[in-house]
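# Coordinate inspection notes
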Amino acid sequence: MNEFVTLAVALVVAAITYGTPLLFGTLGEILTEKSGNLNLGVEGIMFTGGAVGLAGVYYYEKMGSPNGFVAVLMGLLCAFLAGALCSLIFSFLTITLRANQNVTGLALSIFGTGVGQFVGEYMRVTEGGYIAISNEMKVFFQNSPFPKFLQEIPVIGPILFKNSIFFYIGLALAVVLFFFINRSRRGLYLRSVGESPATADAAGLNVARYKYLATVIGGGISAIGGMVYIMTIAGCVWNHEGLAGVGWLAVALVIFCMWRPLNAIWGSILFGALMILYLRLVLPFIPTQLYKILPYVVTVIVLILSSLRNKKENQPPASLGLSYFREDR
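All values reported here derive from a predicted model rather than from experimental measurement.

Cut-offs used in this document
As a convention, each chain's residues are numbered from 1 in the sequence order in which they are written. In keeping with the model being predicted, local features are shown solely for residues with a pLDDT of at least 70 and side-chain atom pairs are shown and tallied solely at 80 or more, while totals for entire chains, interfaces and linings include all residues. Side-chain measures here rest on the full set of heavy atoms in the structure, leaving out hydrogens and waters. The numbering of helices and of strands both runs from the N terminus, where a helix is a DSSP run of H or I of at least 4 residues and a strand a run of E of at least 2. C-alpha atoms define the radius of gyration in this analysis, and the globule rule sets the expected value at 2.2 Å times the number of residues to the power 0.38. Partly exposed describes any residue whose relative accessible area lies between the buried limit of under 20% and the exposed limit of over 50%, with all areas from a 1.4 Å probe on protein chains only and scaled to the type maximum. In what follows, residue pairs with any heavy atoms lying within 4.5 Å of each other are defined as contacts. For every accessible area listed, the method is Shrake-Rupley and the probe measures 1.4 Å; residues are considered covered only by the protein chains on display. Under the convention used here, Asp and Glu are negative, Lys and Arg are positive, and both His and the chain ends fall outside the count. Every charge is mapped to an atom, namely NZ of Lys, CZ of Arg, CG of Asp or CD of Glu. Axis definition: a line fit to C-alpha positions, over the contact stretch in the case of helices; interaxial angles, taken between N-to-C directions, run 0 to 180 degrees. Orientation labels follow simple angle bins: below 35 degrees gives roughly parallel, above 145 gives roughly antiparallel, 65 to 115 gives roughly perpendicular, and whatever is left gives oblique. Here the nonpolar group is Ala, Val, Leu, Ile, Met, Phe, Trp, Tyr, Cys and Pro; Asp, Glu, Lys and Arg are the charged ones; every other residue, Gly included, is treated as polar. Candidate patch residues must exceed 30% relative accessible area and have no salt bridge, after which like charges are joined if within 9 Å and Val, Leu, Ile, Met, Phe, Trp or Tyr side chains if within 5 Å. The rule for a salt bridge is simple: a side-chain nitrogen of Lys or Arg has to be within 4 Å of a carboxyl oxygen of Asp or Glu. Aromatic pairing here means that ring centres of Phe, Tyr or Trp (its six-membered ring) are within 6.5 Å. Orientation follows from the plane angle: under 30 degrees is stacked, over 60 is edge-to-face, and everything else is tilted. Residues grouped as a nonpolar core are buried Ala, Val, Leu, Ile, Met, Phe, Trp, Tyr and Cys residues, joined through side-chain atoms within 4.5 Å. Expected helix span is given by 1.5 Å per residue-to-residue step, counting one fewer step than there are residues.

## Description of the overall build of the protein
In terms of helices and strands, the protein carries 15 helices and zero strands. Relative to a compact globule of 329 residues, whose C-alpha radius of gyration would be 20 Å, the protein shows 20 Å and is just as compact. If you line up the protein on its principal axes, its C-alpha atoms span 60 × 50 × 40 Å. In the protein, which comprises 329 residues, the proportion classed as buried is 50%. Put simply, 77% of the contacts in the protein that link residues at least 6 apart link residues at least 24 apart. Summed over all atoms, the accessible surface of the protein reaches about 15,800 Å², with 67% contributed by carbon and sulfur. Distance between charge centres in the protein, computed from 21 positive and 15 negative side chains, equals 9 Å.

As structure tokens, this is what we get:
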């Protein structure tokens, strides 16, 4: 029994670790889609955020006498700015030039992946080897901010208090987004833009401004997820293959959690568990590939069930993926 509890706790802790990058990617895309913009470039955005975030921390440490707190902020800021810039390009093409959002998002995914791999490989070539920060600096990114005695509480200690600082930042961000979207006036305006931009425009709201801000900020948040993956799961070492598919999982998770920020918390942990299930529950008659598609299968099932129920609160914003032409109002 004790062995089973130990294995279960280890699985939950690992699921939280793998789910934290998904949490950031999902929250950013939820904010974007609430404005009516469908950004399918999350994969590329997370790639870029991972490479630029690591680069910011790596070169900051090389300057000498680095501070761990400042290094974490540097990683967050660099990743956010990289994702915001990618999303700004997407916004200009889809909001100002009214390009097709699906095609533009797919192009951004390819573009962002290329930029991220270019930055990572450029650092590797110029530095003459693997790009990684020191072990002393890794502690600030991978260890828990809580004291040891809380982490050692049986069962609940490792689950609640032994995670990286980014998990708790993600929890706080999910709560903030929930209250912003559902309890604030600006959040109500944003939802109205996503549901009916023509009505919001007639009411005097600046539709383009809300779409731009939500998409750019949402892209920056998603990019932080890429940085978190590199700094926690990949061991603070650039790995261009590790991030492959994480952005698409985040897009699927948006649908799974019904565009609700608080659902993204447990949803990301569940998806994190599904991502590593093939390492923890090995059944010789089940191929590894079947394990890896489980998150997508679960998403499809949830999408079918939500469609059958046909409840408005479980549906995406009405104008999602559609360009707004003011002259057609």
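## Some remarks on unusual backbone geometry
The backbone of methionine 258 shows a phi angle near 60°, a positive value even though the residue is not glycine. Within the secondary structure layout, methionine 258 lies in the loop between α12 (246-256) and α13 (263-280). In this structure, tryptophan 259 is a non-glycine residue whose phi angle is positive, near 60°. Of the residues examined, tryptophan 259 reaches a relative accessible area of 6% and is grouped as buried.

## Overview of the packing of helix α1 (residues 2-34) against helix α11 (residues 207-233)
Packing of α1 against α11 brings their axes to within 7 Å, and their N-to-C directions diverge by 170°. One finds that α1 runs roughly antiparallel with respect to α11. Residues Thr17, Tyr18, Thr20, Pro21, Phe24, Gly25, Leu27, Gly28, Glu29, Leu31 and Thr32 of α1 form the contact with α11, whose participating residues are Ala214, Thr215, Ile217, Gly218, Gly219, Ile221, Ser222, Ile224, Gly225, Val228, Tyr229 and Ile233. Each residue belonging to the contact of α1 with α11 can be placed in one class, and the counts come to twelve nonpolar, ten polar and one charged.

## Topic: a nonpolar patch on the surface
On the surface, Leu106, Trp248, Leu290, Ile293, Tyr296, Val297, Val300, Ile301, Ile304, Leu305 and Leu308 cluster together into a nonpolar patch covering about 980 Å² of accessible area. The dominant element in the nonpolar patch, judged by the number of residues it contributes, is helix α15 (residues 294-309), at seven residues. Relative to the helices and strands, valine 300 is located in helix α15.

## Comments concerning the packing of aromatic side chains
Scanning the entire structure with this criterion turns up ten aromatic pairs. Ring geometry for phenylalanine 141 and phenylalanine 166: centres 6.0 Å apart, planes at 25°, overall stacked. In this pair, phenylalanine 141 sits in helix α5 (residues 135-142) while phenylalanine 166 sits in helix α8 (residues 165-183), placing the two residues 25 residues apart along the sequence. Taken together, Phe146, Phe161, Phe167 and Tyr168 form an aromatic cluster joined through their ring pairs.

## A word on the environment of arginine 98
Positionally, arginine 98 belongs in the loop between α3 (68-96) and α4 (101-127). Separated by 224 residues in the primary sequence, arginine 98 and leucine 322 place their C-alpha atoms 9.0 Å from one another.

## Section: the nonpolar core
Judged by nonpolar contacts, the single largest core of 67 residues is most densely connected at Ile133, Phe141, Phe166, Met227, Met231 and Phe271. Considering every element that reaches this core, the biggest residue donor is α11, with ten residues. Those residues in contact with methionine 231 that sit more than four places away from it in its chain are Gly53, Leu54, Val57, Ile133, Phe141, Gln142 and Cys236. Ile45, Phe90, Leu108 and Ala223 belong to the second-largest nonpolar core, a separate cluster that totals five residues.

## Section: α11
Its 27 residues give α11 an end-to-end C-alpha distance of 39 Å, which sits within 8% of 39 Å, the value for a rise of 1.5 Å per residue. Taken across its 27 residues, α11 has 21 buried, putting it largely inside the fold. Backbone geometry just downstream of α11 places glycine 235 in the positive-phi region, at approximately 75°.

## A look at the side chain of threonine 48
Within the element layout of this structure, threonine 48 appears in helix α2 (residues 42-62). On the basis of relative accessibility, which here comes to 4%, the residue threonine 48 falls in the buried class. Excluding residues that lie within four positions of it along the chain, threonine 48 makes contacts with Ala82, Cys86, Gly112, Val115 and Gly116.

These values are about where atoms sit, not about what they do.
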